[in-house]
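Residue-level listing of the chains:
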Amino acid sequence: SPSSSTPFCPPFPNNTQLQTYLTSISPPRELICPITQELLKDPVIATDGHTYERHSLITWFEGMGRTRSPVTNSLLENTSVEHLVTNLAVASMASVHREKLGGMLMDICEGIVAVVKERGRDYDEDGVGVRVEGLLDAGADPNGRG
């Protein structure tokens, strides 16, 4: 449990340390949709061999009428959404990443509760907000469901 002598989630002393933290919680590039630039939730493989978020790729093909790869710009032989296959391996890795970040988020929340109980007042530390925002931006699942 955090003690009053050691700040819980202290502010980052400089921008370099903040960037190091944000980089450490960022998902691997392979888990990011090339269209949305967000952590994949429902990854599918297109005929170009690349993995995309299902909804974004359907919008790319059907909503925008595109027939080229979002990554390579090559003309795709098949843009039928019925032929999209879920990328189970990537879905599993993205889920594990979300769960890991969700666990970190819960640890911070539990620490805040402990500090508030200990100090008997509201707790607002600059380091908490940037960590929570960073975890959510990186794809943390606050529901813990991956």
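Starting from 1, residues in each chain are numbered consecutively following that chain's sequence as written. pLDDT decides what is reported in this predicted model: residues at 70 or higher carry local features, side-chain atom pairs at 80 or more are listed and counted, and totals for whole chains, interfaces and linings draw on all residues regardless. With hydrogens and water excluded, all non-hydrogen atoms of the structure serve as input to the side-chain values.

**Quick look at the sheet that holds strand β3 (residues 85–86)**
Right, on to step 1. With antiparallel pairing, the three strands of this open sheet are ordered in space as β2-β1-β3. Each end of this open sheet is capped by a strand with a single partner; those strands are β2 (51–53) and β3.
Right, on to step 2. Looking at chain direction, strand β1 (residues 43–45) and β2 are connected through three bridges and run antiparallel. Along β2, the bridge assignment pairs Val44 with Tyr52.
Right, on to step 3. Docked against the sheet, helix α2 (residues 54–63) engages β1, β2 and β3, running at close to 90° with respect to β2. For two strands to be treated as a pair, DSSP must find at least two bridges joining them. Helix and strand labels come from DSSP, where a helix needs a run of H or I of at least four residues and a strand needs a run of E of at least two; each type is numbered from the N terminus. Pairs of residues are marked as contacts when any of their non-hydrogen atoms sit within 4.5 Å. To define axes, lines are fitted to C-alpha atoms, for helices over the stretch in contact only, and angles between the resulting N-to-C directions are given on a 0 to 180 degree scale.

**Some remarks on the pattern of salt bridges**
Right, on to step 1. Counted as salt bridges are all cases of a side-chain nitrogen of Lys or Arg within 4 Å of a carboxyl oxygen of Asp or Glu. With the rule as written, the count across this model stands at one salt bridge.
Right, on to step 2. Across the pair Arg54 and Asp42 runs a salt bridge, and its minimum N-O distance is 2.8 Å. With a gap of 12 residues between them, Arg54 in helix α2 and Asp42 in the loop between α1 (15–25) and β1 connect regions that are remote in the sequence.

**Notes on the layout of surface pockets**
Right, on to step 1. Definitions used throughout: a 1 Å grid over protein atoms alone; a cavity as a set of points that fits a 1.4 Å probe which cannot get out; a pocket as an open set with protein on both sides within 12 Å along at least five of seven lines; a lining residue as one with an atom within 4 Å of a point. Grid points are joined across faces, edges and corners, and a volume is the space filled by probe spheres set on the points. By volume, the largest pocket is sized at about 250 Å³.
Right, on to step 2. Taken together, 16 residues line the largest pocket, and the ones lying closest to its centre are Glu38, Leu39, Asp137, Ala138 and Gly139.
Right, on to step 3. Residues are grouped as follows: Ala, Val, Leu, Ile, Met, Phe, Trp, Tyr, Cys and Pro are nonpolar; Asp, Glu, Lys and Arg are charged; all remaining types, including Gly, are polar. When its residues are assigned to classes, the lining of the largest pocket shows seven nonpolar, four polar and five charged.

**Concerning α1**
Right, on to step 1. Along α1, the residues that are buried comprise Leu18, Tyr21 and Ile25. Taken down its axis, α1 places every buried residue within 60° of arc, on the same side. What points out from α1, more than 90 degrees from its buried face, is the exposed set Asn15, Thr16, Thr20 and Thr23. Three labels apply to residues, based on accessible area from a 1.4 Å probe with only protein chains included: buried if under 20% of the type maximum, exposed if over 50%, partly exposed otherwise in between. What the arc measures is the spread of directions leading from the helix axis to the C-beta atoms.

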